[in-house]
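Single-letter residue listing:
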Amino acid sequence: MSDRMVLHVKGRVLVGPEDVRDELWAVDGRITYTRPSGDALTVEGWALPGLVDAHCHVGLDRHGPVDEATSEKQALTDRDAGTLLIRDAGSPSDTRWIDEREDLPKIIRAGRHIARTRRYIRNYAHEIEPEDLVAYVGQEARRGDGWVKLVGDWLDRDAGDLGACWPRAEAQAAIAEAHRLGARVTAHCFAEDSLRDLVEAGIDCIEHATGLTEDTIPLFAERGVAIVPTLVNIATFPKLAEGGEQKFPRWSAHMRRLYERRYDTVRSAYDAGVPVFVGTDAGGSLAHGLVAAEVEELVKAGIPPIEALSATAWGARAWLGRPSLEEGAPADLVVYGEDPRADVRALAAPRRVVVNGRVIG
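Note that this is a predicted model, so its numbers are computed, not measured. (Residues numbered from 1 in each chain as written. Predicted model: local features only at pLDDT ≥ 70, side-chain atom pairs only at ≥ 80, totals over all residues. Heavy atoms only, no water.)

A few points about the packing of helix 2 (residues 133-143) against helix 3 (residues 168-180)
Working step 1: Put simply, helix 2 and helix 3 touch, their axes get as near as 8 Å, and they point 25° apart. With respect to helix 3, the axis of helix 2 lies roughly parallel. Note that helix 2 runs across helix 3; the crossing there is right-handed. Of the residues in helix 3, those touching helix 2 at Leu133, Val134, Val137, Gly138 and Arg142 are Glu170, Ala171, Ala173, Ala174, Glu177, Ala178 and Arg180.
Working step 2: Residues belonging to the contact of helix 2 with helix 3 are distributed by class as follows: 7 nonpolar, 1 polar and 4 charged. (Axes fitted to C-alpha atoms, helices over the stretch in contact; angles between N-to-C directions. Helix = DSSP H or I, 4+ residues; strand = E, 2+ residues; numbered from the N terminus. Parallel < 35°, antiparallel > 145°, perpendicular 65-115°, else oblique. Left-handed = near helix turned anticlockwise from the far one by under 90°. Contact = heavy atoms within 4.5 Å. Nonpolar A, V, L, I, M, F, W, Y, C, P; charged D, E, K, R; others polar.)

Quick word on the side chain of Thr186
Working step 1: On the secondary structure map, Thr186 appears in strand 14 (residues 184-189).
Working step 2: There is a polar contact of 3.2 Å between the side chain of Thr186 and the backbone oxygen of Cys205.
Working step 3: Among all residues touching Thr186, those that are not within four sequence positions of it are Arg87, Trp147, Val148, Lys149, Leu150, Ile203, Cys205, Ile206 and Glu207. (Polar contact = N/O pair within 3.5 Å; in protein donor to acceptor, adjacent residues only side chain to side chain.)

Some words on the environment of Ile306
Working step 1: Its place among the elements puts Ile306 in helix 11 (residues 305-310).
Working step 2: It is 8.5 Å that separates the C-alpha atoms of Ile306 and Val344, two residues lying 38 residues apart in sequence.
Working step 3: With residues near it in sequence (within four places) discarded, Ile306 still touches Pro17, Trp314 and Arg341.

Quick word on the packing of aromatic side chains
Working step 1: Going through the model one piece at a time under the given rule, you end up with 6 aromatic pairs.
Working step 2: A centroid spacing of 6.0 Å and a plane angle of 75° characterise the contact between Tyr120 and Tyr124, whose relative ring orientation is edge-to-face. Both residues of the pair, Tyr120 and Tyr124, belong to the buried class.
Working step 3: Measuring from ring centre to ring centre gives 4.8 Å for Tyr120 and Trp154, while their planes differ by 75°; the resulting arrangement is edge-to-face. Of the two residues, Tyr120 sits in the loop between strand 9 (114-116) and strand 10 (126-128) while Trp154 sits in strand 12 (residues 153-156), which places them 34 residues apart along the sequence. A single burial state applies to Tyr120 and to Trp154, both of which are buried.
Working step 4: Ring pairing ties together the aromatic residues Tyr120, Tyr124, Trp154, Phe190 and Phe237, which thus form one cluster. (Phe/Tyr/Trp six-rings, centres within 6.5 Å; stacked < 30°, edge-to-face > 60°. Buried < 20%, exposed > 50% of the residue type's maximum accessible area, 1.4 Å probe, protein only.)

Some points on helix 1 (residues 68-80)
Working step 1: For helix 1, built from 13 residues, the straight-helix expectation of 18 Å at 1.5 Å per residue is met to within 8% by its first-to-last C-alpha distance of 18 Å.
Working step 2: Ser71, Gln74, Ala75, Asp78 and Arg79 are the residues of helix 1 that are buried. Looking straight down helix 1, one finds its buried side chains confined to an arc of 135°; they lie on one side. Away from the buried face of helix 1 by more than 90 degrees, exposed residues Ala69 and Lys73 are located.
Working step 3: Immediately downstream of helix 1, the backbone of Gly82 shows phi near 100°, a positive value. (Expected span 1.5 Å × (residues − 1). Arc of directions from axis to C-beta.)

Quick word on the sheet that holds strand 3 (residues 30-32)
Working step 1: Spatially, 7 strands are ordered 3-2-1-4-18-19-20 in an open sheet, and the strand pairing comes out mixed. Sheet topology places strand 3 and strand 20 (358-359) at the edges, where each strand pairs with a single neighbour.
Working step 2: As paired elements, strand 4 (residues 41-49) and strand 18 (residues 333-336) share 4 bridges and run antiparallel to each other. Bridging from a neighbouring strand, Pro49 pairs with Leu333 of strand 18. (Pairing = 2+ DSSP bridges.)

Here's the deal with the pairing of strand 1 (residues 6-14)
Working step 1: Strand direction decides the pairing type here: strand 1 and strand 2 (residues 20-27), joined by 7 bridges, are antiparallel. In the sheet register, Val6 faces strand 2, and the bridge partner there is Val27.
Working step 2: Here strand 1 hands over to strand 2 after 5 residues, the two strands then running antiparallel side by side.
Working step 3: In terms of strand pairing, strand 1 meets strand 4 through 7 bridges, oriented parallel. Within strand 4, the position partnered with Leu7 by the bridge is Leu41.

A look at helix 8 (residues 249-260)
Working step 1: Between its first and last C-alpha, helix 8 extends 17 Å over 12 residues, near the 16 Å set by a 1.5 Å rise per residue.
Working step 2: Turning to helix 8, its buried residues are Trp251, Ser252, His254, Met255 and Leu258. Buried residues of helix 8 fall within an arc of 160° about the axis and therefore sit on the same side. Exposed side of helix 8, more than 90 degrees from the buried face: Arg250 and Glu260 are the residues found there.
Working step 3: Among the structural elements, strand 12, strand 13 (161-164), helix 7 (237-243) and helix 9 (262-271) are those in contact with the buried residues of helix 8.

Describing the pattern of salt bridges
Working step 1: In the structure shown here, the tally under the stated rule is 26 salt bridges.
Working step 2: Note that Arg143 and Glu140 form a salt bridge whose closest N and O atoms lie 3.2 Å from each other. Of this pair, Arg143 and Glu140 both sit in helix 2, 3 residues apart, roughly one helical turn.
Working step 3: Judged by its relative accessible area of 2%, Glu140 is buried.
Working step 4: The shortest N-O distance in the salt bridge between Arg168 and Asp197 comes to 3.7 Å. Placement of Arg168 in helix 3 and of Asp197 in helix 4 (residues 195-200) is noted, with a sequence separation of 29 residues between them.
Working step 5: The network of salt bridges with common partners includes Glu72, Arg79, Asp80, Arg101 and Asp103. (Salt bridge = Lys/Arg side-chain N within 4 Å of Asp/Glu carboxyl O.)

This is the structure we're talking about:
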């Protein structure tokens, strides 16, 4: 008698935006479209590849690194929301042990944040000066999984407003070093003035990107620089601005302006052809498990629902170099009771979560 693990998924399998099949099987954790012999556990519904959170922080809370039990809880929360692939956009914790767990999401790590001295949240980043940027980028490129995370701008206390962190020459040399080592580079950027230098220096992605304008959007589109807007995080800007009103009034007013135009910014970038992907900025001060809410926010911004879905499913996986529901791929998928293409709010209620061919929830 065979001891193979076989799962049968039937209903509507969304292999791609327009590639819909009636069924698939998972045999020993791998997808096949060829019916295997023997019995199988069957689940029914609308199946998507496991969702992607392309800006997430496992191993981090508002105070800095966390223990393994807390990291596990974070990963489980994301998994139960349907997020089965995470691009961890900076963490001071060693989460490699998660790779050994067959029941947890797969993680693509960007190493630890690299920030300018006293220009980021305490206990999060390597805090360095520009002359050390190339060396630290090389270090994190070797430690990560093909990504490096810079802090591109932050509150400049002397100026009382957001300010760019890195001179262009140093940023260009550091990005070139990451590329030489086979890694892509992304950067946290809220404001306007850090963007042009980073894009012209060769950066691959910008997180948040609230400072995009009609002057820089065409440059992003021309260079193919992606953005991960993290709109569920941008929703916190008014509260942040209120907290800094007395000490940094210019910064507070700036943050409010960025918040007020957030949907227009994302829609204009999408309309210009800038690649847009889903990320929640979970970790730090934001809860895990918000991927469905972020997709809904992209739709509110004016991105067509099928494209917002792709930004957390097929398109996001292709961008990160990971498979979706192809023959032989790891059987990481989520089954819903309704068609998420018709209403992305269906993502908030997974019927079944399947990790490596096993039904988890």
